[in-house]
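Observations on the model geometry
Chain by chain, the residues run as shown.
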Amino acid sequence: MAAAARTPSGEILLLEGEHGARFPDGNCLVIDDEIPTVIDPATRRLDLERYQCKLGMGLVVNTHYHVDHTRFSSLFAGADLAAHPLDAPAIGSIDVMAHMVGIEDKPWLPIWKSVMIEQWNYTPMEVTRLVNDGDEICLGKNTIRFIHLPGHTPGNMCVHLLEANEVYLADVDLTPFGPWYGNRYSDIDAFLDSIERVKTLGADRWYTAHGEGVIVGDITDRLDAFASVIDERESRILESLAEPKTLAGLIDEAIVYGKRWDPPEMFDYFEGTMVSKHLARLERAGMVERDGDLFARA
Ligand SMILES: [Zn+2]
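About the thresholds
Residues numbered from 1 in each chain as written. Predicted model: local features only at pLDDT ≥ 70, side-chain atom pairs only at ≥ 80, totals over all residues. Heavy atoms only, no water. Pairing = 2+ DSSP bridges. Helix = DSSP H or I, 4+ residues; strand = E, 2+ residues; numbered from the N terminus. Axes fitted to C-alpha atoms, helices over the stretch in contact; angles between N-to-C directions. 1 Å grid on protein atoms, 1.4 Å probe; cavity = no way out; pocket = protein on both sides within 12 Å on 5 of 7 lines; lining within 4 Å. Points joined across faces, edges and corners; volume = space filled by probe spheres on them. Nonpolar A, V, L, I, M, F, W, Y, C, P; charged D, E, K, R; others polar. Salt bridge = Lys/Arg side-chain N within 4 Å of Asp/Glu carboxyl O. Donors = N, O, S within 2.8 Å, 3.2 Å for Na, K, Ca; no water. Tetrahedral: all angles 85-135°; square planar, octahedral: opposite > 155°, others 65-115°. Parallel < 35°, antiparallel > 145°, perpendicular 65-115°, else oblique. Left-handed = near helix turned anticlockwise from the far one by under 90°. Contact = heavy atoms within 4.5 Å. Phe/Tyr/Trp six-rings, centres within 6.5 Å; stacked < 30°, edge-to-face > 60°. Core = buried A, V, L, I, M, F, W, Y, C linked by side-chain atoms within 4.5 Å. Buried < 20%, exposed > 50% of the residue type's maximum accessible area, 1.4 Å probe, protein only. Expected span 1.5 Å × (residues − 1).

So, the sheet that holds strand S8 (residues 136–138)
- Strand order in the open sheet formed by 6 strands is S8-S9-S10-S11-S12-S13, with mixed pairing between adjacent strands. Looking at the sheet topology across the chains shown, the edges are occupied by S8 and strand S13 (214–216). Averaged over all pairs of adjacent strands, the angle between their axes in this sheet comes to 20°, without regard to strand direction.
- Pairing of strand S9 (residues 143–148) with strand S10 (residues 157–161) involves 5 bridges; the strand directions are antiparallel. Bridged to His148 within S10 is Met157.

Following this line, the structure appears as structure tokens:
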């Protein structure tokens, strides 16, 4: 399925991801212009192949290194590939990505790698166009501006289509799940600053990589609701720490994900990474104290 918006600036088309655009799928944006462009090509392969010929000589944008945004970039081998310098190395190497995720020393690394490559089509790609905050590329009728929104990953970006005044938000996805910060260099405070920055963009139409896909009009309340999930998680952690607990004890409560999933080692890692970032933040704020392996409400 695809949702098309014909604007004075030409055709801008959202290709909707499968299964509610849930990982490892995502909604991807096609801009049919003199430089045909695709942002985050990670939806149905067949849908993307229809644009392969045209886009083969155009531009591919990866808003960040996660496979649910990059996995079919290799279909457009003749196109330029744009990404932020902080995320480009992980797009070019699965070993660098494993380091960025924080799992290079895990016993299950080989399983993760084989799933990435064989099931999710991770293909290392050379980023040929490094883009920084505020950089613009004129595609013909449309100009795209890159907005650096760190937090989810260090080099995470959204893309502002200036003439149409539309923004592809990528993983500031406004889903009820809330923000995700489960990689080594993910940062909760940077994510919150990035959400605030999105409020200043004032677009008329927004595209998310997951969830609804297209949202029209003011999204200030939606951004506040999205950010507030971080506070809700923190409140639940504080509630749980009325009794001192280890990190493993907190992980078992699945405060971020809501329930455990398989494989358990990977759940423990990603849930644990996010809970650890909350604990560090709460310690800095003087709300949690640590005694050896035990955490407790201060
Ligand atoms: Zn992501």
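Regarding the layout of surface pockets
- Each pocket or cavity is described by its volume, and for the largest pocket that value is around 1,100 Å³.
- The wall of the largest pocket is formed by 34 residues, among which Arg22, Phe23, Asp68, Trp180 and Tyr257 lie closest to the centre.
- Sorting the residues of the lining of the largest pocket by element identifies helix H3 (67–70), helix H5 (94–101), helix H6 (109–119) and helix H10 (264–284) as the ones contributing at least two each.
- The element contributing the most residues to the lining of the largest pocket is H6, with 3 residues.
- In terms of residue class, the lining of the largest pocket is built from 20 nonpolar, 8 polar and 6 charged.

Comments concerning the pattern of salt bridges
- For the structure on display, the rule yields 19 salt bridges.
- The salt bridge involving Arg222 is made with Glu212; its shortest N-O contact spans 2.5 Å. Placement of the pair is Arg222 in helix H8 (residues 220–240) and Glu212 in the loop between strand S12 (205–208) and S13, with a sequence separation of 10 residues.
- A salt bridge links Arg260 to Asp268; the shortest N-O distance between them is 2.9 Å.
- One salt-bridge network, in which partners are shared between bridges, spans Glu18, Arg44, Asp47 and Arg50.

Details of the coordination of the zinc ion
- Within the protein, the atoms that donate to the zinc ion are His64 (NE2), His66 (ND1), His152 (NE2) and Asp171 (OD), at distances of 2.1 to 2.2 Å.
- Its 4 donor atoms give the zinc ion angles of 86 to 173° at the centre, a pattern that matches the irregular case.

So, the packing of H5 against H6
- Two elements in contact, H5 and H6, have axes separated by 12 Å at closest approach and are oriented at 120°. As far as their axial angle goes, H6 and H5 are oblique. Here the hand of the crossing between H5 and H6 comes out right-handed. Of the residues in H6, those touching H5 at Ile94, Asp95, Met97, Ala98 and Val101 are Leu109, Trp112, Lys113, Met116 and Ile117.

Focus: the packing of aromatic side chains
- Under the defined criterion, the tally for this structure stands at 9 aromatic pairs.
- Between Tyr257 and Phe267, the ring centres sit 5.9 Å apart and the planes meet at 50°, which makes this aromatic pair tilted. Of this pair, Tyr257 sits in the loop between helix H9 (247–252) and H10 while Phe267 is found in helix H10, placing the two residues 10 residues apart along the sequence.
- Every member of this aromatic cluster is reached through a ring pair, and the members are Trp108, Trp180, Tyr269 and Phe270.

Notes on the nonpolar core
- In terms of nonpolar packing, the biggest core is built from 69 residues, with Trp112 and Trp206 touching the most fellow members.
- The element contributing the most residues to this core is H10, with 7 residues.
- Among residues more than four places away in sequence, those in contact with Trp112 are Ile94, Met97, Ala98, Val101, Ile103 and Met266.

Concerning the environment of Ile255
- With respect to the element layout, Ile255 can be found in the loop between H9 and H10.
- Look past the residues within four positions of Ile255 in its chain and what remains in contact with it is Arg233, Arg236, Ile237, Ser240, Leu250 and Glu271.

Some remarks on the pairing of S9
- Counting buried positions along S9 yields 5 of 6 residues, so the element is predominantly enclosed.
- The pairing of S8 with S9 spans 3 bridges and is classified as antiparallel. Residue pairing across strands places Ile137 opposite Ile144, the latter belonging to S9.

Quick look at the pairing of strand S3 (residues 28–32)
- Of all 5 residues making up S3, 4 are buried, and the element is well covered by its neighbours.
- Sheet topology note: the S3/strand S4 (residues 37–39) ladder contains 3 bridges and is antiparallel. Directly across from Ile31, in S4, lies its bridge partner Thr37.
- The turn joining S3 and S4, which pair antiparallel and follow one another in sequence, is formed by 4 residues.

A look at H8
- Over its 21 residues, H8 runs 31 Å from end to end, which matches the ideal 30 Å to within 8%, given 1.5 Å per residue.
- Along H8, the residues that are buried comprise Leu223, Phe226, Ala227, Val229, Ile230, Arg233, Glu234, Ile237, Leu238 and Ser240.
- Elements that come into contact with the buried residues of H8 comprise helix H7 (188–199), H9, H10, strand S14 (288–291) and strand S15 (294–297).

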